[in-house]
Amino acid sequence: MEGYDATTFGALNAADYDALHDPGTTDACVALIADLAPGKRLLELAIGTGRVALPLAQQGFAVTGIEASYEMIAKLREKPGSDAIAVTCGDIADVPVTGPFDHAFLVFNTLFNLQTQAAQISCFANTAAQLTPAGTFLIEAFVPRFDGFRNHQKLETKRLDMGNVWLEAVTHDPVEQVLSFQRIRISDDGIRLVPLPMLYAYPPEIDLMARLAGLQLVDRWGGWDKSPFTAESSFHISVYRKPADA
Ligand SMILES: C[S@@+](CC[C@H](N)C(=O)[O-])C[C@H]1O[C@@H](n2cnc3c(N)ncnc32)[C@H](O)[C@@H]1O
C-alpha cells in the first residue's frame, strides 16, 4: 500500500488504540508469557501502548520494548509504571537493542505489519541474535483464511448504531500474500479511513523464518489457554527456541 510505512499504524491509531484494539486475551497472554519465559529479561517487539508489557513489568520482569511510532510510545508513557520499561524507537526488522534477553515476543499479528518477506526474515535473525542460549521467541499470528471472500475481496459491517457505521473492506492479493484492509468509520462527523496492509505468512513459512535464524519450533497452540492447534484454529501461538549451545 503506497505511502504506508512502519510509523503509519501509530499515527492513525494511537489516540484510540486502547479503546478499540482490545483482543480480550490480554490476561491469558500475560499469564502464558510469564509462565513460559525462561528468565526475567524480556523483549517485546512492537510494544505499542504497553498492553502486554506493562502487566509483565508489574510482575517483576525486566521488559525492553521496540516501537516504530512515537505516538504509541507517548501513550505508553502516560501510564503508571511505564518508567520501568526501556523503549527504543525503531524498526522491529532491525531490532535496534542490545540483549541478551531470555524471551522475546511479537503478538497481535504484528509480524505481518512488516511489508516484505526480507523484513520478516530480518526480524527473526536480529531477534535470535539478542537471545541467550536456550532463549525463546513467541509469535502470535492469525492463520490466513478467506471465508466470505468473493473475487478476492470482502466487505463487512463491524459496528452499527444510530450515529455510526463501521465497515471493513479488504482485498486479497494471493500472489503477494497481502491483505489490504481499509476500516471505514462513517458518523455525523464525517468519514474516517484507517488503512492496514498485512503481508501474511502460513505457520510453516514462519517456522522456516525461525529456522533460518537458528531457532527451532518447540510449541504451537491454538489459544492462549494452550488449547491444541487444529485445522479450525483461527490463530496460533508459536514458541521457538535458540539451541542451548549456541
Ligand atoms: C497491533 S499493534 C500491537 C501493539 C502491542 N504489541 C499490543 O499487543 O497491544 C502493532 C504495533 O506495531 C507497531 N509497528 C508496526 N510496524 C512496526 C515496525 N516495523 N517496527 C516497530 N513497530 C512497528 C505499531 O506502531 C503498533 O504499535
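Residues numbered from 1 in each chain as written. Predicted model: local features only at pLDDT ≥ 70, side-chain atom pairs only at ≥ 80, totals over all residues. Heavy atoms only, no water.

> An account of the pairing of strand β11 (residues 235-241) is needed here, citing residue identities and associated values.
Moving residue by residue along a regular strand, the side chains alternate between the two faces of the sheet. The buried count for β11 comes to five of seven residues, which makes it a mostly enclosed element. Alignment of strand β5 (residues 131-142) against β11, held across seven bridges, turns out to be antiparallel. For Leu138, the partnering residue across the bridge sits in β11 and is Val239. By the bridge criterion, five bridges tie strand β10 (residues 216-221) to β11 in an arrangement that is antiparallel. The partner of Gln216 across the bridge, within β11, is Arg241. (Buried < 20%, exposed > 50% of the residue type's maximum accessible area, 1.4 Å probe, protein only. Helix = DSSP H or I, 4+ residues; strand = E, 2+ residues; numbered from the N terminus. Pairing = 2+ DSSP bridges.)

> Could you give an account of the pattern of salt bridges, naming the residues involved and the relevant values?
Inspection of every chain in the model, using the stated rule, returns ten salt bridges. In this structure, Lys79 and Asp18 form a salt bridge, with 2.8 Å as the shortest nitrogen-oxygen distance. Of this pair, Lys79 sits in the loop between α5 (70-77) and β3 (86-89) while Asp18 sits in helix α2 (residues 17-20), and the two are 61 residues apart along the sequence. When its relative accessible area of 23% is taken as the criterion, Lys79 is described as partly exposed. Residue class for Asp18 comes out partly exposed when judged on its relative accessible area of 39%. Here Lys158 makes a salt bridge to Glu168, at a shortest N to O gap of 3.9 Å. Placement of Lys158 in strand β6 (residues 153-160) and of Glu168 in strand β7 (residues 164-173) is noted, with a sequence separation of ten residues between them. Connected via shared salt-bridge partners are Lys154, Glu156, Lys158, Glu168 and Arg183. (Salt bridge = Lys/Arg side-chain N within 4 Å of Asp/Glu carboxyl O.)

> Give a description of the domain arrangement of the protein that names residues and reports values.
You can read the domains of the protein as domain 1 (8-143 + 201-241) and domain 2 (153-198). Distance from the C-alpha centre of domain 1 to the C-alpha centre of domain 2: 25 Å. Each side of the interface is counted separately: domain 1 has 14 residues, and domain 2 has twelve residues. Both faces considered, domain 1 and domain 2 share a buried interface measuring about 950 Å² in area, 58% of it formed by carbon and sulfur atoms. Contact with domain 2 buries surface across domain 1, with Leu12, Leu20 and Phe142 losing the most and accounting together for 42% of the total. (Domains from an automatic or database assignment. Contact = heavy atoms within 4.5 Å. Buried area = accessible area lost by both parts, 1.4 Å probe.)

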